[in-house]
Amino acid sequence: MDSLSPLTQRFILHFGEMGSRWGINRTVGQMYALLYVLGKPLNADEIAEHLSFSRSNVSMGLKELQAWRLVKLMHKPGDRREYFEPPKDIWDIFKALLEERRRREIEPTLSMLRDALLESPASEEDKLAQERMREMYQLIELSTSWFDDVQRLSPETLASLMKMGSKVGKLLDIRDKFRFSDAEKDEK
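Since we're looking at a predicted model, the values are computed, not measured.

Enquirer: What is the right way to read the overall build of the chain from this model?
Expert: Across its full length, the chain holds eight helices and three strands. In the chain, the succession of helices and strands from N to C terminus is α-α-β-α-α-β-β-α-α-α-α. Its C-alpha atoms give the chain a radius of gyration of 24 Å, more than 25% over the compact-globule value 16 Å for 188 residues. Structurally, the chain occupies a C-alpha span of about 80 × 45 × 30 Å along its principal axes. Sorting the 188 residues of the chain into buried and exposed places 30% on the buried side. Expressed as a percentage of contacts within the chain between residues at least 6 apart in sequence, the contacts between residues at least 24 apart total 51%. Computing the positive centroid from 30 side-chain charges and the negative centroid from 32, the chain places the two 5 Å apart.

Structure below.
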């Protein structure tokens, strides 16, 4: 990593540590951070050299990054080596991460909950447990439906929505006040 600036080194090391908290190993996190921060395609040998990793470790890490759809494979004219680069748009990266987390974590949970809700409860305890599972299932379904809607938004619209933050809640509160006011008028 000596060929990289101290700023870049700090970013890469931090991203490696965070990667382990996000469910990827430190090496893969560091590889991704290198590709992202340098902003240019690199081949496996260049990645190994920059990070002082073994070539085999880099190969395994690149396969994992491809499985997460966080890097894409490309070729350069006249060069037989494979090069890797992350998506150029930060929003594409964000969406890929969310989609992959959904596929790996949310969908198996929904599947398990669906199966559990199809069973006949054998006791009052099971009935209560099943009702709690139904609540969880409905919440996850609602959030995944919302996620699907958000996925279809343009990056500009999504950024605007995120910047609105709590203002969205205030807008909904105002809407509810108008609805309540209209309902009172209808009663009179």
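Enquirer: For this particular structure, what's the right way to read the packing of aromatic side chains?
Expert: Within a pair of aromatic rings, the relevant descriptors are the distance that separates the centres and the angle that separates the planes. For the coordinates displayed, the defined rule picks out five aromatic pairs. Both rings, one in W91 and one in F94, keep their centres 5.8 Å apart while their planes meet at 90°; by these two values the pair is edge-to-face. You can see W91 and its partner F94 sitting in helix α5 (residues 90–118), three residues apart, about one turn around the helix. According to the relative accessible area criterion, F94 is partly exposed, its value standing at 32%. Through successive ring pairs, a cluster of aromatic residues spans F11, F15, Y32 and Y36. The aromatic ring of Y83 is capped on one face by K76, whose charged end is 4.3 Å from the ring centroid.

Enquirer: Would you mind showing me how to read helix α3 (residues 44–51) here?
Expert: Each turn of an α-helix holds 3.6 residues, which means side chains three or four residues apart point in the same direction. Where α3 is concerned, the buried positions are A44, I47, A48, H50 and L51. All buried residues of α3 project into a common sector of 165° when viewed along the axis, lining one side. By the N-cap criterion, in which a side-chain oxygen at the helix start approaches the backbone nitrogen of a residue two or three places on, α3 is capped by N43, the distance to D45 being 3.0 Å. The first or second residue beyond α3 is S52, which carries a positive phi of 60°.

Enquirer: Any chance you could explain the sheet that holds strand β1 (residues 42–43) here in plain terms?
Expert: Working definition: the strands of a sheet are paired by backbone hydrogen bonds and lie parallel or antiparallel to each other. Strand order in the open sheet made by the three strands is β1-β3-β2, with antiparallel pairing throughout. Bordering the open sheet on either side are β1 and β2 (72–75), each of which pairs with just one other strand.

Enquirer: Looking at this structure, I do not really get helix α4 (residues 55–67). What am I missing?
Expert: Over its 13 residues, α4 runs 19 Å from end to end, which matches the ideal 18 Å to within 8%, given 1.5 Å per residue. Of the positions making up α4, those classed as buried are V58, G61, L62 and L65. Each buried residue of α4 lies within a common arc of 105° when the element is viewed along its axis, so the set occupies one face. Of the exposed residues in α4, those oriented more than 90 degrees away from the buried face are S56, M60 and K63. Close packing links the buried residues of α4 with α2 (26–38), α3 and β3 (82–85). A positive backbone phi angle near 60° is found at R69, which sits one or two residues after α4.

Enquirer: Would you mind going over the environment of E17 with me for this structure?
Expert: When you line up the elements, E17 lands in helix α1 (residues 6–21). Taking relative accessible area as the criterion, E17 reaches 41% and is therefore assigned partly exposed. Along the chain, E17 and L117 lie 100 residues apart, while their C-alpha atoms are 38 Å from each other.

Enquirer: Help me understand the pairing of β3 in this model?
Expert: On any regular strand, side chains alternate: one points to one face of the sheet, the next to the other face. Pairing of β1 with β3, which is carried by two bridges, proceeds in the antiparallel orientation. Pairing of N43 across the sheet is with Y83, part of β3. The turn linking β2 back onto β3 is made up of six residues, and G78 within it adopts a positive phi angle of 80°.

Enquirer: Sorry if this is basic, but what is going on with the packing of α3 against α4 here?
Expert: Interaxial distance between α3 and α4 falls to 9 Å at its minimum, and their mutual angle equals 115°. As for how α3 packs across α4, the hand of that crossing is right-handed. Touching A44, D45, I47 and A48 of α3 are R55, V58 and L62, all from α4. Across the contact of α3 with α4, the residue classes break down as five nonpolar, no polar and two charged.

The rules behind each value
Residues numbered from 1 in each chain as written. Predicted model: local features only at pLDDT ≥ 70, side-chain atom pairs only at ≥ 80, totals over all residues. Heavy atoms only, no water. Helix = DSSP H or I, 4+ residues; strand = E, 2+ residues; numbered from the N terminus. Rg over C-alpha atoms; globule rule 2.2 N^0.38 Å. Buried < 20%, exposed > 50% of the residue type's maximum accessible area, 1.4 Å probe, protein only. Contact = heavy atoms within 4.5 Å. Lys, Arg positive; Asp, Glu negative; His and termini not counted. Charge placed at Lys NZ, Arg CZ, Asp CG, Glu CD. Phe/Tyr/Trp six-rings, centres within 6.5 Å; stacked < 30°, edge-to-face > 60°. Lys NZ or Arg CZ within 6 Å of the ring centre and 35° of its normal. Arc of directions from axis to C-beta. Polar contact = N/O pair within 3.5 Å; in protein donor to acceptor, adjacent residues only side chain to side chain. Pairing = 2+ DSSP bridges. Expected span 1.5 Å × (residues − 1). Axes fitted to C-alpha atoms, helices over the stretch in contact; angles between N-to-C directions. Left-handed = near helix turned anticlockwise from the far one by under 90°. Nonpolar A, V, L, I, M, F, W, Y, C, P; charged D, E, K, R; others polar.

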